[in-house]
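Listed below are the residues making up each chain.
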Protein chains: 4
Amino acid sequence: MIIVLKPRVTDQQITHILDKLKDLKLKPTVSKGIERTIIGVIGDEAKLRLQPLEAYAGVEKVMAVQTPYKMVSREFHKDSSVIKLGKGVVIGGKKVVIMAGPCTIETRERLLKLARIAKGEGATVLRGGAFKPRTSPYDFQGLGETGLKYLVEARRKTGLLSVTEMMDVRDLPLFEKYADIIQIGARNMQNYNLLKEVGRSHKPVLLKRGMANTIQEFLMAAEYIYSQGNHSLILCERGMRSFESTTRFSLDIGAIPVLKAKTHLPVVVDPSHPAGNRTYVPAIARAGVAAGADGIIVEIHDKPEEAVCDGPQALLPEMFAELMVEMRAIARAIGRDI
Amino acid sequence: MIIVLKPRVTDQQITHILDKLKDLKLKPTVSKGIERTIIGVIGDEAKLRLQPLEAYAGVEKVMAVQTPYKMVSREFHKDSSVIKLGKGVVIGGKKVVIMAGPCTIETRERLLKLARIAKGEGATVLRGGAFKPRTSPYDFQGLGETGLKYLVEARRKTGLLSVTEMMDVRDLPLFEKYADIIQIGARNMQNYNLLKEVGRSHKPVLLKRGMANTIQEFLMAAEYIYSQGNHSLILCERGMRSFESTTRFSLDIGAIPVLKAKTHLPVVVDPSHPAGNRTYVPAIARAGVAAGADGIIVEIHDKPEEAVCDGPQALLPEMFAELMVEMRAIARAIGRDI
Amino acid sequence: MIIVLKPRVTDQQITHILDKLKDLKLKPTVSKGIERTIIGVIGDEAKLRLQPLEAYAGVEKVMAVQTPYKMVSREFHKDSSVIKLGKGVVIGGKKVVIMAGPCTIETRERLLKLARIAKGEGATVLRGGAFKPRTSPYDFQGLGETGLKYLVEARRKTGLLSVTEMMDVRDLPLFEKYADIIQIGARNMQNYNLLKEVGRSHKPVLLKRGMANTIQEFLMAAEYIYSQGNHSLILCERGMRSFESTTRFSLDIGAIPVLKAKTHLPVVVDPSHPAGNRTYVPAIARAGVAAGADGIIVEIHDKPEEAVCDGPQALLPEMFAELMVEMRAIARAIGRDI
Amino acid sequence: MIIVLKPRVTDQQITHILDKLKDLKLKPTVSKGIERTIIGVIGDEAKLRLQPLEAYAGVEKVMAVQTPYKMVSREFHKDSSVIKLGKGVVIGGKKVVIMAGPCTIETRERLLKLARIAKGEGATVLRGGAFKPRTSPYDFQGLGETGLKYLVEARRKTGLLSVTEMMDVRDLPLFEKYADIIQIGARNMQNYNLLKEVGRSHKPVLLKRGMANTIQEFLMAAEYIYSQGNHSLILCERGMRSFESTTRFSLDIGAIPVLKAKTHLPVVVDPSHPAGNRTYVPAIARAGVAAGADGIIVEIHDKPEEAVCDGPQALLPEMFAELMVEMRAIARAIGRDI
């Protein structure tokens, strides 16, 4: 921790700060310059984060040296985490995992049909929402438990694992019973009680980055889950809110190498929500694979006109088939596979 | 609703869209131009929002004419809502309501002390968190129910109403028992199950705008609460996430007149979180009153060095006293009062 | 300057960095912690900014302690700059300066009419563009020199000083001849050659903040002008680009107190461009005065239907008159005047 | 153009608007709904853009149907533009063009050395700035004309074309004499006089997107150049300003497919400026190729410690060599080549 003092700090103020640091069993080093005095502090920054040092008289700003997340940091776990999702599917290794399916589970028949299409092209996980976070209270809110049961049936018939969003802390028993991977959506990335709840579960979790959250906040949210004991954790970049409106969100492609450098957890890219329009989905998906993502989660639909949600951004089956060919070729070009 | 068709749309595609619109009992008008054909649709847009029209072949984009929120819109309720909060405190009328207190409830003694300071300067509501949404799982998470009890004691001793944040759907009974106004924080603005839960309560709700949510999304979140039957609803602007880092968030001052134009609900400004530093709080608070806010919610602390959270942005008692004088003068300058 | 080293930095790398610092005649202090080693550097940071220290092996990041701007900083010039604009008009003192007029100079008659309206309500500066930065090459680009001459005529007839935008380095002689205050627009805030050019002029300059520039970049742009010798410099906040679309830009109200703390230069608020709609202009203007702005620059028009540019955001004369009354009352409420 | 009227618009106001539209020889169609009346307008929207319709009484908003850019639009020029840059180098076709070199031209020797490295790995264009837009007036501003001469020497010795930034309208003769491709930097994307100036040149232009400009504004800036007669125009995405600080800018990867859909001009990706750190450059460069970019412009340096600018983000020669292998493999995976 570096404490930068104000230009006209008094000796008394400096002494007061140093006393506080010593009380905390930290080792301060004072450097007096012509314009500024700075105090470097050696020791556990966590102790200092609990102290409102910037509230002390004479302090201009406090700059952290250490990262506030620990367990999800690559500094504390050199090797990339390789997570077993079930049925032989592994994420974080050489193979890029493809998760595909509808935005929302609409009917049993459609889900099974889309599951077969996904499976046929090489996906190993079926995505589909049973509980939907809708901007409008008047929009369809999802099939609920019935939807989750359809996912189980789809798994039985196709062998695909399921990933589906949980929004309410009270629903954990349902998800533990029916889902293979629990998704925490972007809007709930800082719903800390929900994070703690899935942190106590034994199910793998796919955590989406909030649309205006920094990578550091994203990793702190991951730390909430990981520190509760659930280490089967996958991160997902799905686009930032920006001023650009031709796409719904702006996928932060730089976040892929940054996350791979800062954490040992696998990283997945969602090209559908940032695109908002199927025309733009394949390019973003290919970019995700090329940038080093460990997985791609993409929306598909055979009749987008009938989709109850996000029809415009769902890939048609033939587009998905073509994209799979391209993604596989790109994965191989960088020493991976699909 | 306006449907803009692609440059090379076919007659068959147009017919297909028109058939769909007629099935929905809507009245389309087709205008064929040299470059573009557009379809204007008269009737209830809500029907169309449930249809993925952009997923239809030949459609380039769909533009809404009506607002997706209804009950919170000023079009549907011309007069400003005036909400009774209890003990004679009313928000949305001539008087600007001042809510002040610590970020977090730390100890019984400190809360009572700060309540007396707030009361002494003219505040009518005491703010203070018992359940805290903290970025880090290792930070202090709040006193919980004990904190809520201290708020009740403070009310008994000073007459101040309380406003305090609820984060978990399971906590509603606690808040119904102890709190006067339930705050939904910025991070939970799109936690729809939480919105529905407080929408079924009879307690007034203060809903904070998410740090990267549009005003339309904010009003849709308000509609979630209002449409469940809870009409004692207050909106709060607390700053947007931006690229600027000298302040924590960028308060959207333009949102005050926009909200006053679009909704009948009262609007409160929080100058503390966007400032992030007490030096900048008074200017933002004054601006809020001048822009037409119905209330100001501000953090105060007598010993910021000991604050467990957000000490740097808490106003010292003497700064708060001075700010109250300035805000009152500004309120009177525009025909209001404090 | 603080240099944070990577977790596994070698002694050799540290020695290499220290040697470099000593070559520069700087005094480094090394603090070795358990997880991290940091180097604090005392001395002129300017020397270090010219060195790509982050490119050195073993360096994780470099954190500046000093501000990169010097002459415009309040640390180097404690008192607020009070700038004489001519004809007895002074900015940066007790009086808030009102600058009003059309977006674009359209005709001689209209400019004179609007000048008389502005003067009548108490404005002391007439705004109006003769060279317009238009998003489209097909839009009206301004009257050019003719427009500047109309400003001179308006000054002769009303006594109002003029502020008008210069976009091209080759136009300085024209502006020196005709304008009272040269405006550098938001789009040209980082057009460094233009900044240097007006920095060599003796005319007062009003520098607008770029729509996505940080306050530090804004002050560095000001430093470009100031360091060339032109100290008659006024800063103007006019709104940031954001995700919100009900307004054109989001005025950064927090920038007013931040700028007043960091620089001695006067600060003006433009409420018209962020509003984008006259309905929202008065609230933002009042907020600017309440937050401590030294001036307000606002667009007015008597027949917005005929305006060639930005008609929707121009205040009608009666709205402007009412706003002047409110702004004056607010200015007095905080110990200033208009 | 769609004109949405206010809920309580009067018949007189409607008539007034219709009269105006007829004066302009446009064909309006009125649709009266229960809640709203809308007017659809057929004809040349350009006429309407010059009219401040939103300033008319009774008008709520005006929505454009046509794009405001014409000549750069793919609607007006179906086939992708293939641009000859000289020496057999072509951009916009099957081959992805690699442009590499230092941020700034430092010395003759270094430039030649880096040119040989770039050439050796397969680049066909040498990048390097002689006139540098620096945030601080105290930083190195470039070698000027001398730097341009070194580029000419490098071309003679290696056969590489040059791309280099022009910042001042007065410098066109210099660039016409020495440069092969004139770069307009992000900070000058809306410096319209500079755009017009290079629009009258016969040299190919590489136009970078401003850090907070929408794609529509980017294409309007391109239209400024194109409409002046210079059709050798290349667009470059180089990252948006955002709230994320682990990278300098957030590359808008979705902009690649959007631009390819909306314009016929070639699109280049700059992975260096958004990364800000060489560790993250290769992933972003690979993503650019995979997303469909027609070129990559990347910074390289053999001794980043000695770079006068942006050393931390320059790729070392061995990293560049490795990246070239990966990019070539990815290009081939999607039917292109390098």
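Residues numbered from 1 in each chain as written. Chains lettered and ligands numbered in written order. Predicted model: local features only at pLDDT ≥ 70, side-chain atom pairs only at ≥ 80, totals over all residues.

(A) Structural detail: the overall build of chain A. Regarding its fold elements, chain A presents 11 helices and 14 strands. Taken along its principal axes, the extent of the C-alpha atoms in chain A is 75 × 45 × 40 Å. A buried classification covers 62% of the 338 residues belonging to chain A. A separation of at least 24 residues holds for 66% of the contacts in chain A among residues at least 6 apart in sequence. (Helix = DSSP H or I, 4+ residues; strand = E, 2+ residues; numbered from the N terminus. Buried ≥ 20, exposed ≤ 12 C-beta atoms within 10 Å, placed from the backbone. Contact = placed C-beta atoms within 7 Å.)

(B) Structural view of the sheet that holds strand 9 (residues 161-165) of chain C. Residue and element names in this part refer to chain C. One closed barrel holds the 8 strands; their spatial order is 7-8-9-10-11-12-13-14, and the pairing between them is parallel. If you compare each strand with its neighbour and ignore which way they point, the axes differ by 25° on average. Contacting strand 12 (233-237) and strand 13 (267-269), helix 8 (residues 255-262) crosses the sheet at an angle of about 170° to strand 13. (Pairing = 2+ DSSP bridges. Axes fitted to C-alpha atoms, helices over the stretch in contact; angles between N-to-C directions.)

(C) Just the domain arrangement of chain A, in detail. Segmenting chain A into domains produces domain 1 (2-63) and domain 2 (83-333). If you average the C-alpha positions of domain 1 of chain A and of domain 2 of chain A, the two centres end up 44 Å apart. (Domains from an automatic or database assignment.)

(D) Broad picture of the nonpolar core. If you look at the biggest cluster of nonpolar residues, it comprises 486 residues, and the most contacted ones within it are Ile3(A), Ile3(B), Leu207(B) and Ile3(C). Beyond its immediate sequence surroundings of up to four residues, Ile3(A) is in contact with Ile17(A), Ile38(A), Ile39(A), Val41(A), Leu53(A), Val59(A) and Val62(A). (Core = buried A, V, L, I, M, F, W, Y, C linked by C-beta atoms within 7 Å.)

(E) Looking closely at the sheet that holds strand 12 (residues 233-237) of chain B. Residues and elements named next belong to chain B. Spatial strand order, 7-8-9-10-11-12-13-14: 8 strands in a closed barrel with parallel pairing. Across the sheet, the axes of successive neighbouring strands diverge by a mean angle of 25°, strand direction being ignored. Note: strand 8 (residues 125-127) against strand 9 (residues 161-165), 3 bridges, orientation parallel. Bridge pairing in strand 9 places Leu126 opposite Ser162. Of the strands in this sheet, strand 7 (97-101) and strand 8 touch helix 3 (residues 108-121), which is tilted by about 155° from strand 7.

(F) Spatial organisation of the interface of chain D and chain A. Contacts between the two partners involve 36 residues from chain D and, on the opposite side, 36 residues from chain A. Of all the secondary-structure elements, those providing two or more residues to the side of chain D that touches chain A are helix 8 (255-262), helix 9 (272-275), helix 10 (281-291) and helix 11 (317-333) of chain D. In the side of chain D that touches chain A, the residues fall into 23 nonpolar, 9 polar and 4 charged. (Nonpolar A, V, L, I, M, F, W, Y, C, P; charged D, E, K, R; others polar.)

(G) Seen up close, the relation of the copies chain D and chain A. Taken as rigid bodies, chain D and chain A are interconverted by a rotation of 180° and an axial shift of 0.0 Å, the fit giving an RMSD of 0.0 Å. Such a combination of turn and shift is consistent with a two-fold rotation axis. Proximity to the rotation axis, assessed at the C-alpha, singles out Ala287(D) in chain D; its C-alpha lies 2.0 Å from the axis. Residue by residue, 100% of the interface of chain D is reproduced at the interface of chain A, so both copies engage with the same surface. (Least-squares fit on C-alpha atoms with pLDDT ≥ 70 in both.)

(H) Up close: the relation of the copies chain A and chain B. Superposing chain A onto chain B takes a rotation of 180° plus a shift of 0.0 Å along the axis, which leaves an RMSD of 0.0 Å. When the interface residues of chain A are mapped onto chain B, 100% of them again lie at the interface, so the same face is used by both copies.

(I) Seen up close, the interface of chain A and chain B. Taken together, the contact pairs 37 residues of chain A with 37 residues of chain B. Going through the elements one at a time, helix 6 (192-199) and helix 7 (215-226) of chain A are the ones with two or more residues in the side of chain A that touches chain B. Counting residues per element, the side of chain A that touches chain B draws most heavily on helix 7 of chain A, which supplies 4 residues. Counted by class, the side of chain A that touches chain B contains 20 nonpolar, 8 polar and 9 charged residues.

(J) Examining unusual backbone geometry more closely. Residues and elements named next belong to chain D. We note that Lys25 has phi near 60°; this positive angle belongs to a residue other than glycine. For Lys25, a count of 9 C-beta atoms within 10 Å gives the class exposed. Phi at Lys87 takes a positive value of approximately 50°, unusual for a residue other than glycine. Tracing the sequence through the fold places Lys87 in the loop between strand 5 (83-86) and strand 6 (89-91). The class for Lys87 is exposed, based on 12 C-beta atoms found within 10 Å.

(K) Structural context of the environment of Leu24(C). Residues and elements named next belong to chain C. Looking at the secondary structure, you find Leu24 in the loop between helix 1 (11-23) and strand 2 (27-32). A residue is classified by how many C-beta atoms lie within 10 Å of it, and Leu24, with 15 of them, is partly exposed. In the structure, Leu24 is positioned 24 residues away from Leu48 in sequence and 8.3 Å away in space, judged by C-alpha atoms.

(L) Main features of the environment of Thr10(D). Mapped onto the elements, Thr10(D) comes out in the loop between strand 1 (2-5) and helix 1 (11-23). Put simply, Thr10(D) and Ser136(D) are 126 residues apart on the chain and 56 Å apart in space, counted from C-alpha to C-alpha.

(M) Helix 3 (residues 108-121) of chain A, seen in detail. Residues and elements named next belong to chain A. For helix 3, with 14 residues, the first-to-last C-alpha span of 20 Å sits near the 20 Å given by 1.5 Å per residue. Of all the positions in helix 3, only Leu111, Leu114, Ala115, Ile117 and Ala118 are classed as buried. One side of helix 3 holds all its buried residues, which, seen down the axis, span an arc of 165°. Of the residues trailing helix 3, Gly122 is marked for its positive phi of about 115°. (Expected span 1.5 Å × (residues − 1). Arc of directions from axis to C-beta.)

(N) Here's a closer look at helix 1 of chain C. For helix 1 of chain C, spanning 13 residues, the distance from its first C-alpha to its last is 18 Å, which sits close to the expected 18 Å at 1.5 Å a residue. Within two residues after helix 1 of chain C, Lys25(C) carries a phi angle of roughly 60°, on the positive side.

(O) A look at the pairing of strand 12 of chain B. Residues and elements named next belong to chain B. Counting buried positions along strand 12 yields 5 of 5 residues, so the element is predominantly enclosed. Neither face of strand 12 is open: one carries Leu233, Leu235 and Glu237, the other Ile234 and Cys236, and all of them are buried. As judged from the 4 bridges shared by strand 11 (residues 205-208) and strand 12, these two strands associate in the parallel manner. Bridge pairing links Leu207 to Leu235 in strand 12. Note on the crossover from strand 11 through helix 7 (residues 215-226) to strand 12: the handedness is right-handed. (Right-handed = clockwise from strand over helix to strand, strands pointing away.)

(P) Main features of the packing of helix 3 (residues 108-121) of chain C against helix 4 (residues 145-158) of chain C. Residues and elements named next belong to chain C. The interhelical angle for the contact between helix 3 and helix 4, taken along N-to-C directions, is 40°, at an axis separation of 10 Å. Between helix 3 and helix 4, the angle falls in the class oblique. The interaxial crossing formed by helix 3 with helix 4 has right-handed handedness. Residues Arg108, Leu111, Leu112, Ala115, Arg116 and Lys119 of helix 3 form the contact with helix 4, whose participating residues are Tyr150, Ala154, Lys157 and Thr158. Taken together, the residues of the contact of helix 3 with helix 4 sort by class into 5 nonpolar, 1 polar and 4 charged. (Parallel < 35°, antiparallel > 145°, perpendicular 65-115°, else oblique. Left-handed = near helix turned anticlockwise from the far one by under 90°.)

(Q) Highlighting the packing of helix 6 of chain A against helix 7 of chain A. Residue and element names in this part refer to chain A. Following both chains from N to C, one finds helix 6 and helix 7 inclined at 45°, their axes separated by 7 Å at the closest point. As far as their axial angle goes, helix 7 and helix 6 are oblique. For the pair helix 6 and helix 7, contact is made by Tyr192, Leu195, Lys196, Val198 and Gly199 and by Ala221, Tyr224 and Ile225, respectively. Residue composition of the contact of helix 6 with helix 7, grouped by class: 6 nonpolar, 1 polar and 1 charged.

(R) Spatial organisation of the pairing of strand 5 of chain D. All names here are of chain D. Taken together, the 3 bridges between strand 5 and strand 6 define a ladder with antiparallel strand orientation. In the strand pairing of strand 6, Gly86 is matched with Val89. Here strand 5 hands over to strand 6 after 2 residues, with Lys87 in that stretch at a positive phi of 50°.

(S) Structural detail: the environment of Tyr178(C). Residue and element names in this part refer to chain C. Along the chain, Tyr178 turns up in helix 5 (residues 172-178). Residues Tyr178 and Glu75 lie 103 residues apart in sequence; the distance between their C-alpha atoms is 35 Å. Other than its neighbours up to four places away in sequence, Tyr178 contacts Leu148, Lys149, Leu151 and Val152.

(T) Focus on the confidence of the model for chain A. Per-residue pLDDT for chain A averages 93, and the proportion of residues at 70 or more is 99%. Both scores are available for the predicted complex, with the pTM at 0.95 and the ipTM at 0.94. (pLDDT = per-residue confidence, 0-100.)

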